[in-house]
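Summary of the model geometry
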Amino acid sequence: MKRTLTFIIALFTAFNALAVNLAPSEATNPFMGMWGLDIEGGGAGWLNVHQDQGFLDAELLWIGGSVVPVANVYLADENTLVVTRTNQVKRSADRSHTVTYTLEVKKVGDVLQGTMSGPNRDGNGVSVKNFTGKRMPPMPNTPDLSKVKFDKPIILFNGKDLSGWKMIDLEKANGFKVVDGTLMNDPVQPEDGEHISYGNIRTLQEFNDFNLKLEVNVPEGNNSGVYLRGLYEIQVVDSYGKELDSHNMGALYSRITPSMAAEKPAGEWQSFDITLVDRHVTVIFNGKKIIDNQPVWGPTGGALSSDVLSPGPIYLQGDHGNVAYRNIVLTPIK
């Protein structure tokens, strides 16, 4: 009896030690995992909560920009997660602020409900945005691209006008126009006067999986982007001669770094051959495979939605700089 009791006490002690080392685990923390966020007023985000050396950690995408590590993440109680992120805001040539934004998140059934609060842009008052979140669906197995079957190609740009395209935000200016058979974005700003906010354009049609071929010409120092299903940005930027980075030409923006540099100098026409199948992306850029059938776990900055299972448009960024596109052809996958 004494030996049995000693064994039970030892087992209980070992279990408690294990629980301390693992806490908070997926069993005790309902927030663990990857979540797609839909944000009040439009915009999407992505939250990945996990453990690092026994402590909670997380990465966050909030509407635009990159996926970034959070400043802090912790459980306030068994059903409230608090996430903080910081950002350096330049107020003047010699003055900047470290601004803190706080997410307070609760889990209601299978969904997240939360608020993001922080100072207004001018530094006075509080801005609060509500959001909801759904757990990212499991990633399908890596598709066998040799077995993919294609439908008939669809010419997305006719070389004459903007038929088949529309502005995403009708309140913003349209810098896109057709020049010599190319779809050119020229977001001209007045020399004197208020800054003009230019918008992005999207196809009227929406698509599931596909192959997309196009050519692009980026002048020196300029920037744009091609969004697949309105979710995933393939970066378009003048990055010739720079070291490999997830923000360079052909990258899946802030997520997947190209395996090699394949850019041409600014001002030259360059070609994309992009295949999206089962949430896996392949990018052949200027004839070189720079992303090889890699999984895409969630939306990138600027995504129209966080729903990775729904069809969506092709959209082109027009709010960054000069760029020209031509020969845009999409071939749906059966």
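Definitions and cut-offs
Residues numbered from 1 in each chain as written. Predicted model: local features only at pLDDT ≥ 70, side-chain atom pairs only at ≥ 80, totals over all residues. Heavy atoms only, no water. Salt bridge = Lys/Arg side-chain N within 4 Å of Asp/Glu carboxyl O. Helix = DSSP H or I, 4+ residues; strand = E, 2+ residues; numbered from the N terminus. Buried < 20%, exposed > 50% of the residue type's maximum accessible area, 1.4 Å probe, protein only. Pairing = 2+ DSSP bridges. Axes fitted to C-alpha atoms, helices over the stretch in contact; angles between N-to-C directions. 1 Å grid on protein atoms, 1.4 Å probe; cavity = no way out; pocket = protein on both sides within 12 Å on 5 of 7 lines; lining within 4 Å. Points joined across faces, edges and corners; volume = space filled by probe spheres on them. Nonpolar A, V, L, I, M, F, W, Y, C, P; charged D, E, K, R; others polar. Core = buried A, V, L, I, M, F, W, Y, C linked by side-chain atoms within 4.5 Å. Contact = heavy atoms within 4.5 Å. Polar contact = N/O pair within 3.5 Å; in protein donor to acceptor, adjacent residues only side chain to side chain. Phe/Tyr/Trp six-rings, centres within 6.5 Å; stacked < 30°, edge-to-face > 60°.

**Some thoughts on the pattern of salt bridges**
Pairs can form between side chains of opposite charge whenever their charged atoms are close. Under the counting rule described, the total for this entry stands at four salt bridges. Between Lys213 and Asp273 there is a salt bridge; the shortest N-O distance is 3.8 Å. Taken as a pair, Lys213 in strand β15 (residues 210–217) and Asp273 in strand β18 (residues 269–277) lie far apart in primary sequence, 60 residues in all. Since its relative accessible area comes to 40%, Lys213 is described here as partly exposed. Close ionic contact of Lys289 with Asp292 constitutes a salt bridge, the shortest N to O distance being 3.9 Å. By relative accessible area, which is 42% here, Lys289 ends up partly exposed.

**Brief notes about the sheet that holds strand β3 (residues 55–62)**
Taken in spatial order, the nine strands of this open sheet run β4-β3-β2-β1-β9-β8-β7-β6-β5, and their pairing is antiparallel. Across the chains shown, the open sheet's two edge strands, defined by having one partner strand only, are β4 (64–69) and β5 (72–77). Strand after strand, the sheet turns through a mean of 25° between neighbouring axes, direction not considered. Here strand β1 (residues 33–39) pairs with strand β2 (residues 44–52) via six bridges, running antiparallel. By the bridge assignment, Leu37 is partnered in β2 with Gly45.

**Quick look at empty space enclosed by the protein**
Inspection of the entire model under this criterion finds two cavities of 30 Å³ or more. By volume, the largest cavity amounts to about 40 Å³. What lines the largest cavity is Lys242, Leu244, Asn248, Met249, Pro258, Met260, Ala261, Ala262, Glu263, Phe285 and Ile290. Lining the second largest cavity are Val218, Val237, Asp238, Ser239, Tyr240, Met249, Glu263, Lys264, Pro265, Ala266 and Gln270. In terms of residue class, the lining of the second largest cavity is made up of six nonpolar, two polar and three charged.

**Describing the layout of surface pockets**
Here the largest pocket is characterised by a volume of approximately 730 Å³. Lining the largest pocket are 18 residues, and of these Trp62, Asn87, Tyr101, Pro119 and Arg121 lie nearest its centre. For the lining of the largest pocket, the elements supplying multiple residues, two or more each, are β6 (80–92), β7 (95–108), β8 (111–119) and β9 (126–135). Taken together, the residues of the lining of the largest pocket sort by class into eight nonpolar, six polar and four charged. Roughly 510 Å³ of internal volume is contained in the second largest pocket. For the second largest pocket, the lining is made up of 18 residues, of which Gly43, Ile63, Ile168, Asp169 and Lys172 are closest to its centre. Per-class residue counts for the lining of the second largest pocket are six nonpolar, eight polar and four charged.

**A short note on the sheet that holds strand β17 (residues 232–237)**
If you walk across this open sheet you meet the five strands as β11-β14-β21-β16-β17, and the pairing is antiparallel. The sheet is open, and its two borders are formed by β11 (165–167) and β17, each paired with just one other strand. Here two bridges tie strand β14 (residues 201–203) to strand β21 (residues 315–316), and the two strands are oriented antiparallel to one another. Each bridged residue has a counterpart across the sheet, and for Arg202 the counterpart in β21 is Tyr315.

**Topic: the nonpolar core**
Grouped together as the largest cluster of nonpolar side chains are 44 residues, with contacts concentrated most on Leu212, Leu228, Phe272, Val281 and Tyr325. The set of elements that each furnish at least two residues to this core consists of β11, β15, β16 (223–228), β17, β18, β19 (280–285), β20 (288–295) and β22 (323–332). Those residues in contact with Tyr325, other than ones at most four positions away along the chain, are Phe157, Thr182, Leu183, Leu214, Glu215, Val216, Ser224, Gly225, Val226, Val236, Trp269 and Leu316. With 20 residues, the next largest nonpolar core counts Met32, Ala58, Trp62 and Val73 among its residues.

**Description of the environment of Asp38**
Its location among the elements puts Asp38 in strand β1. If sequence neighbours within four positions are ignored, Asp38 has contacts with Gly43, Asn130, Phe131, Thr132, Ser305 and Ser306. A polar contact of 2.9 Å, which involves the side chain of Asp38, links it to the side chain of Ser306.

**Some remarks on the pairing of β4**
The side chains of a regular strand alternate between both faces of the sheet. The sheet contact formed by β3 and β4 spans three bridges and is antiparallel. Residue pairing across strands places Glu59 opposite Pro69, the latter belonging to β4. Between β3 and β4, which pair antiparallel in sequence order, lie one residue; one of them, Ile63, sits at a positive phi of approximately 65°.

**Overview of the packing of aromatic side chains**
Counted by the stated rule, this structure contains four aromatic pairs. Their ring planes at 85° and their centres at 5.5 Å tell us that Trp62 and Phe131 sit as a pair that is edge-to-face. Taken together, the residues Trp62 in strand β3 and Phe131 in strand β9 connect sequence positions 69 residues apart. As far as burial versus exposure is concerned, Trp62 and Phe131 are alike and both buried. Ring plane angle 5° and centroid distance 4.0 Å describe the contact between Tyr227 and Tyr315, whose orientation is recorded as stacked. Of the two residues, Tyr227 is situated in strand β16 and Tyr315 in strand β21; the sequence distance between them amounts to 88 residues.

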